[in-house]
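What follows is the residue order along each chain.
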There are 2 protein chains.
Amino acid sequence: MAFSPLVDELVESLRCLPGVGQKTAQRMAFHLLERGRAGGERLSGALAAAMTGVQRCESCQNFSDTPVCPLCTDDTRRTGSLCVVESPSDLLAIEQAGDYRGAYFVLMGHLSPLDGIGPAEIGMDRLLRRVRQEQISELILATNPTVEGEATAHYIADCLQDQPVLVTRLAHGIPVGGELGYVDGFTLSHAFRGRKPLTD
Amino acid sequence: MAFSPLVDELVESLRCLPGVGQKTAQRMAFHLLERGRAGGERLSGALAAAMTGVQRCESCQNFSDTPVCPLCTDDTRRTGSLCVVESPSDLLAIEQAGDYRGAYFVLMGHLSPLDGIGPAEIGMDRLLRRVRQEQISELILATNPTVEGEATAHYIADCLQDQPVLVTRLAHGIPVGGELGYVDGFTLSHAFRGRKPLTD
């Protein structure tokens, strides 16, 4: 590299971001230096604050500034249902849909034995303890509709067989606003099997 | 947004990076929080240091930690030739090719009247002063082979008409290792017009 030490270090550091290689890191560094110094300083402060201040919520495992996150301390969320998602962005998507008003549990991943991610890594102990202690009546398994997500959902359901809790899974079907011609066969057969009377 | 304030602020701040929207910023923030806290802290420090410490070299306009950059203080570079490039990454590409051992001048852009970038913004005064004061014998215009780059090169050449300096432009032709079938017509006609005897 032939840049100055400070620029070199900035370019190298930017490569810790996912999907950012040498050329993109260079482009980002030059953009910040040329036109975005205020943004760069703000990002520096936000990174320092978040890297030291953000922890896992003791109750739902989501990222939180406090030991227990606001969603878990919110008493109106104690509706007896618990929604299990893989990641904070899945939680956000459900919150933005606005339909569900219960509590969450964030697995922060899915079971993946080859990557060394087993039940302990996704917090199964904590989840089972919550189901037992908080009188959860319905556990909604909202893991992704992928092979790993389905396997994780089935594993969780198996662990709860002897508990008095209704375990549900999000419905599969054609997405609203989609075109039938572009929907894959698996989804279409799910949609056919799950068809409902129009008066429903 | 339903994340914690620190995570929200991190996601918002990441959007100052070029080409990073809401979803990418979220992905980056979660990646750093889950798996890259050390990298995040390093990036925070590098950003703070670069945003306050990096300035423009007084001689060549490139980014530098010092008022005059190491390339400009290097006496072995005073060969009488000055290479004009649009950006620091162009300079890096030429340095990595390893052929050119003279001095540089970085325009930090190209003439673009519609964007309000005129001769003053690309440092024409400084460039003309250097040509006059440093006994430059050859000025190599290595601006990009685009419409804007060509226009900028022609403008600089016009400004230097009454100076005793040889103004050159990088050769156009087929790239080494390329396939003729994929080379565009303009480049091919340049290559034909610039053909040389094999003994050269």
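What you are looking at is a predicted structure, and each value in this text was computed from that prediction instead of being measured.

**Regarding the packing of helix α1 (residues 5-14) of chain A against helix α2 (residues 22-35) of chain A**
Angle between the axes and distance between the axes: these two values describe a pair of packed helices.
Residue and element names in this part refer to chain A.
Right, so step 1: Remark: α1 packs on α2, axes separated minimally by 8 Å, with the N-to-C direction vectors making an angle of 125 degrees. Judged by the angle between their axes, α1 and α2 are oblique. The crossing of α1 and α2 is right-handed. Two secondary-structure elements touch here, α1 through V7, L10, V11, E12 and L14 and α2 through Q22, A25, Q26, M28, A29, F30 and L33.
Right, so step 2: For the contact of α1 with α2, the residue count by class is nine nonpolar, two polar and one charged.

**Re the domain arrangement of chain A**
Often, the extent of an interface is quoted as the loss of accessible area upon association of its parts.
Right, so step 1: Assigned domains of chain A: these are domain 1 (5-53) and domain 2 (63-169).
Right, so step 2: Taking only C-alpha atoms, the centre of domain 1 of chain A and the centre of domain 2 of chain A are 34 Å apart.

**A closer look at the interface of chain A and chain B**
Right, so step 1: Taken together, the contact pairs 50 residues of chain A with 49 residues of chain B.
Right, so step 2: Summing both sides of the interface, chain A and chain B together bury roughly 4,900 Å²; the carbon and sulfur share of this comes to 72%.
Right, so step 3: Linking chain A with chain B are two salt bridges.
Right, so step 4: The closest approach of N and O atoms between R42 of chain A and E9 of chain B, which form a salt bridge, is 3.0 Å.
Right, so step 5: The biggest single contributor to the side of chain A that touches chain B is helix α3 (residues 37-53) of chain A, with 15 residues.
Right, so step 6: Along the lines of polarity and charge, the residues of the side of chain A that touches chain B split into 28 nonpolar, twelve polar and ten charged.

**Some thoughts on the pairing of strand β4 (residues 103-106) of chain A**
Residues and elements named next belong to chain A.
Right, so step 1: Across the two faces of β4 the burial is the same, with A103 and F105 and Y104 and V106 all buried.
Right, so step 2: The pairing of strand β3 (residues 81-85) with β4 spans four bridges and is parallel. Paired with V85 across the bridge in β4 is V106.
Right, so step 3: Handedness of the crossover is the feature at issue here: the chain leaves β3, passes through helix α5 (residues 88-97), returns alongside β4, and the resulting connection is right-handed.

**Here we look at the state of the cysteines**
Right, so step 1: In total, this model carries zero disulfides over all chains according to the counting rule given.
Right, so step 2: The thiol of C159 of chain A is unpaired, and the distance to the nearest cysteine sulfur, on C83 of chain A, comes to 18 Å.
Right, so step 3: Lacking any disulfide linkage, C69 of chain B is separated from the closest cysteine sulfur, that of C72 of chain B, by 3.6 Å.

**What to know about the sheet that holds strand β5 (residues 138-141) of chain A**
Residue and element names in this part refer to chain A.
Right, so step 1: Spatially, β4-β3-β5-β6 is the arrangement adopted by the four strands of the open sheet, whose pairing is parallel. Looking at which strands have only one partner, the edges of the open sheet turn out to be β4 and β6 (166-169). Put simply, the sheet's adjacent strands are angled 25 degrees from each other on average, direction ignored.
Right, so step 2: Here β3 pairs with β5 via four bridges, running parallel. Paired with S81 across the strands is E138, a residue of β5.
Right, so step 3: Strands β3 and β4 of the sheet are contacted by α5, whose axis makes an angle of about 155 degrees with β4.

**As for the relation of the copies chain A and chain B**
Right, so step 1: Laying chain A over chain B is done by rotating through 180 degrees and shifting 0.0 Å along the axis; what remains is an RMSD of 0.1 Å. Within this description, the copies of the chain are treated as partners about a two-fold rotation axis. Closest to the rotation axis within chain A is the C-alpha of S44 of chain A, separated from it by 2.1 Å.
Right, so step 2: Most of the interface of chain A is mirrored in chain B: 98% of its interface residues are interface residues there too.

**Considering the environment of L17 of chain B**
Right, so step 1: Checked against the element boundaries, L17 of chain B lands in the loop between α1 (5-14) and α2 (22-35).
Right, so step 2: For L17 of chain B, a relative accessible area of 2% corresponds to the buried category.
Right, so step 3: Separated by 71 residues in sequence, L17 of chain B and P88 of chain B place their C-alpha atoms 18 Å apart.
Right, so step 4: In this view, L17 of chain B contacts L14, L17, M28, L32 and L43 of chain A; residues no more than four positions away in its chain are not counted.

**As for the packing of aromatic side chains**
Right, so step 1: Per the stated rule, a full pass over the model turns up four aromatic pairs over all chains.
Right, so step 2: For the ring pair F30 of chain A and F63 of chain B, a centre distance of 5.7 Å and an interplane angle of 20 degrees mean the geometry is stacked. Of this pair, F30 of chain A sits in helix α2 while F63 of chain B sits in strand β2 (residues 63-64), placing the two residues on different chains. In this structure, F30 of chain A and F63 of chain B share a single accessibility class: buried.
Right, so step 3: A centroid spacing of 5.3 Å and a plane angle of 75 degrees characterise the contact between Y100 of chain A and Y104 of chain A, whose relative ring orientation is edge-to-face.
Right, so step 4: On the basis of relative accessibility, which here comes to 3%, the residue Y104 of chain A falls in the buried class.

Reading guide: rules and limits
Residues numbered from 1 in each chain as written. Chains lettered and ligands numbered in written order. Predicted model: local features only at pLDDT ≥ 70, side-chain atom pairs only at ≥ 80, totals over all residues. Heavy atoms only, no water. Axes fitted to C-alpha atoms, helices over the stretch in contact; angles between N-to-C directions. Helix = DSSP H or I, 4+ residues; strand = E, 2+ residues; numbered from the N terminus. Parallel < 35°, antiparallel > 145°, perpendicular 65-115°, else oblique. Left-handed = near helix turned anticlockwise from the far one by under 90°. Contact = heavy atoms within 4.5 Å. Nonpolar A, V, L, I, M, F, W, Y, C, P; charged D, E, K, R; others polar. Domains from an automatic or database assignment. Buried area = accessible area lost by both parts, 1.4 Å probe. Salt bridge = Lys/Arg side-chain N within 4 Å of Asp/Glu carboxyl O. Buried < 20%, exposed > 50% of the residue type's maximum accessible area, 1.4 Å probe, protein only. Pairing = 2+ DSSP bridges. Right-handed = clockwise from strand over helix to strand, strands pointing away. Disulfide = S-S within 2.5 Å. Least-squares fit on C-alpha atoms with pLDDT ≥ 70 in both. Phe/Tyr/Trp six-rings, centres within 6.5 Å; stacked < 30°, edge-to-face > 60°.

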